[in-house]
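Fold and contact review
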Amino acid sequence: MGDLPKGDFSLTALHSSMLQKVVGSNRASDSLVYSYTRSFNGFVAKLTEVEKERIASMEGVVSVFLNGKKRLHTTRSWDFLGFTENAKRTTVESDIIVGMLDSGIWPESKSFDDSGYGPIPSKWKGSCETSKNFTCNKKIIGGKYYRSVGQIPKGDIPSPRDSDGHGSHTASTAAGRLASKASLFNLGLGTARGGVPSARIAVYKICWADGCYGADVLAAFDDAIADGVDIISLSIGGSSPENYFEDPIAIGAFHSMKNGILTSNSAGNSGPVAGSIANFSPWSLSVAASVIDRKFVTNVHLGNNKIYQGVTVNTFQLNNKLYPLVYGGDVPNTAAGFNSSESRFCENDSLDKTKVNGKIVLCDTLNDGTAVLGAGAAGTVMQDGGFKDFAFLFPLPASYLGTEDGSIVLNYINSTSKPAATIQKSTTIIDKAVPYVVSFSSRGPNPITRDILKPDLSAPGVDIVAAWSEATTITGLIGDTRVSPFNIVSGTSMACPHATGAAAYVKSFNPTWSPAALKSALMTTATPMSTKTNTDAEFAYGSGQINPLKATNPGLVYDAGEADFVSFLCSQGYNSSTLQLVTGNKAASCTKANNATVWDLNYPSFTVSGTSGQVTRVFHRTVTNVGNSISTYKAIIYAPSQISIKVNPNVLSFKALGQKLCFTVTVTAQIPSTIISGSLIWDDGVYQVRSPVVAHAYA
């Protein structure tokens, strides 16, 4: 129902009254699940389809949508970015509050110890849902949990305590304090730390074993905004694109932006499929996952002394003992009706336990290892043609080979009377091709607004070492008994809190900057990435890889506020009455003067789309001087032959800090079948403010 209405009256009573008109007075109280009353206006109710339509037709309702589920989307990573332990810090950092909307937190972790912390910042208005198994401290200053659909899943904990591990991992990556000698059973050994180690953390547990419900997402946003957090981090997303005001994450992020809080979102893990990005609202920061230069590999040592290198994170020690080696296709569980066409893939129950017990099994596809472990195997070697740019964890010794090496292993099995192998504990190698975006990271283009580039940037999200919950094992899979205070995990879920920590770091130097200014600083100072290792170009990495140190002082920023996004939404087909409800501003209307095109949104990137042929677009932009008070910037253009980029004026002369100057960019592009890109750099000899310029065809 949009923004909080003016006046002194009970929103909960209003919500109940609306429900009574639809479901009757007897059912209204049982139907109402949540009332959002702290930061925006809305409610959650149990309704039939007919009742939903009646609510949707009521005056004052922006949108009605299903309480759908979202999905949860390390020691080396910050150093890899050039952001070392001795980076310059401000005293303001300890007053920064990072709001983590995730699966909770493990408060006993060394990453969340509060030794030496001063008083909780006076701006904090939140609370801690203390219980016999959870308390807050001066590091974790707030903790709440949300469950809109009733019963807590078996194995989950009804408190802000993390029983999954994901929330602890993301929180420590964003704002965990320095934890020395962190590792996963000595793998990835080093000091684990967040981007803002002295910042405070407020936890909003919205994710459970069965997912993260939209009603809970919005409830957490409602509280986090009112509680006084400075940055919101959200490493979850949906499986299909939704319009901005039918997506609880986009809705929450809009109200967050309206209240001066940047929301950092993970891009999603459905890559490299085009248009698979899960979070793409222009008022939030959408983060792709890139690799760091440390890669975990696991050697398979055959009985003939040949060694083949696979990609897994294997903590198990077989001490070079050779085990009998069998092929899954040769040991089907025929008693249960399986044949070799199924057992070769090591499907559940497809393997003959008597022929597998105590042996290492070669499988013809990547799997989670539970079926092999359940059959009594000592280990597994998996092989297929899938991506090998990140490493999985498995509940037993495992290595993942490519098809060439996998075929050699199979030939060895077929040509030897007693084939044998051992799987060694993982080691690390240096990946010299970095930085590049990992295969699973969701790609653009933006599925709703084609001319807003998404993702915005990339951050480390592969093989990240960070805190973990000790209420679960390191894989959470059946048969795994390993418990560790730290874990090695990959995902855009891990990239998002890197960007969150970087944004919080920039805010500690620039406390008054708007969400858009923080976002602009991160985007325009990002390290450019190569199209040779990133064939999807900006659809993979956006503006490039984050550079926290440069972002604190970017020279110029592309700022934008609520009014700018309202103008943008007018161009997207939203009407005045809807926008007045969303913003709480009666003057928010879609007039001729206010109905700006998508190309006029003051965004730090430039995107042109079309079906075919030549397309020309004119972009209007305004930059604010945050560098040197007196400075002159010249426009430097990099463009391939298919794009013409003209800037007017091509010189910007500033005479004061905070001064704003406008310019236009005219882009003429011969629309390609995929994507072509150039860049605009404003350069004054000290600062280089870089924006990508992208042209692409409709998918």
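Here is a short report on the structure shown in this document. Every chain begins its residue count from 1, and numbering advances along the sequence as written. Where local features are concerned, this predicted model is filtered to residues with pLDDT of at least 70; where side-chain atom pairs are given and counted, the filter is 80 or more; whole-chain, interface and lining totals use all residues. To obtain the side-chain values, all non-hydrogen atoms of the structure were used and water was disregarded.

**Here we look at the state of the cysteines**
Count a disulfide wherever a pair of cysteine sulfur atoms falls within 2.5 Å. Taken as a whole and assessed by the stated rule, the structure comprises 4 disulfides. Shown here is the disulfide that connects C207 with C212, its sulfur atoms set 2.1 Å apart. Around the S-S axis, the bridge from C207 to C212 shows a dihedral of about 110° and counts as right-handed. To sort residues, take the accessible area from a 1.4 Å probe on protein chains only and compare it with the maximum for the residue type: under 20% means buried, over 50% means exposed, and anything in between is partly exposed. By relative accessible area, which is 2% here, C207 ends up buried. Using a relative accessible area of 0% as the deciding quantity, one classes C212 as buried. Across the disulfide, C346 is cross-linked to C363 (sulfur-sulfur distance 2.0 Å). An S-S torsion of about -90° defines the bridge between C346 and C363 as left-handed. Note that C346 is positioned in the loop between α8 (340-343) and α9 (353-356) and C363 in strand β18 (residues 360-363), a separation of 17 residues in sequence. Sequence-ordered numbering of the bonded cysteines in the protein yields a pairing of 1-2, 3-4, 5-6, 7-8. No disulfide involves C662; its nearest neighbouring cysteine sulfur is the one of C570, lying 20 Å away. Strands here are runs of E lasting at least two residues and helices are runs of H or I lasting at least four, both read from the DSSP assignment and numbered beginning at the N terminus.

**With respect to the nonpolar core**
If you look at the biggest cluster of nonpolar residues, it comprises 119 residues, and the most contacted ones within it are V98, Y204, I206, V229, W283 and L569. What makes two residues a contact is simply this: any of their non-hydrogen atoms within 4.5 Å. Apart from the residues lying within four places of it in its own chain, the contact partners of V229 are I97, G99, W124, A202, Y204, A224 and I261. By convention a nonpolar core is built from buried Ala, Val, Leu, Ile, Met, Phe, Trp, Tyr and Cys residues, the set being connected through side-chain atoms within 4.5 Å. Listed in part, the 27 residues of the second largest apolar core include F606, V608, V623 and V647.

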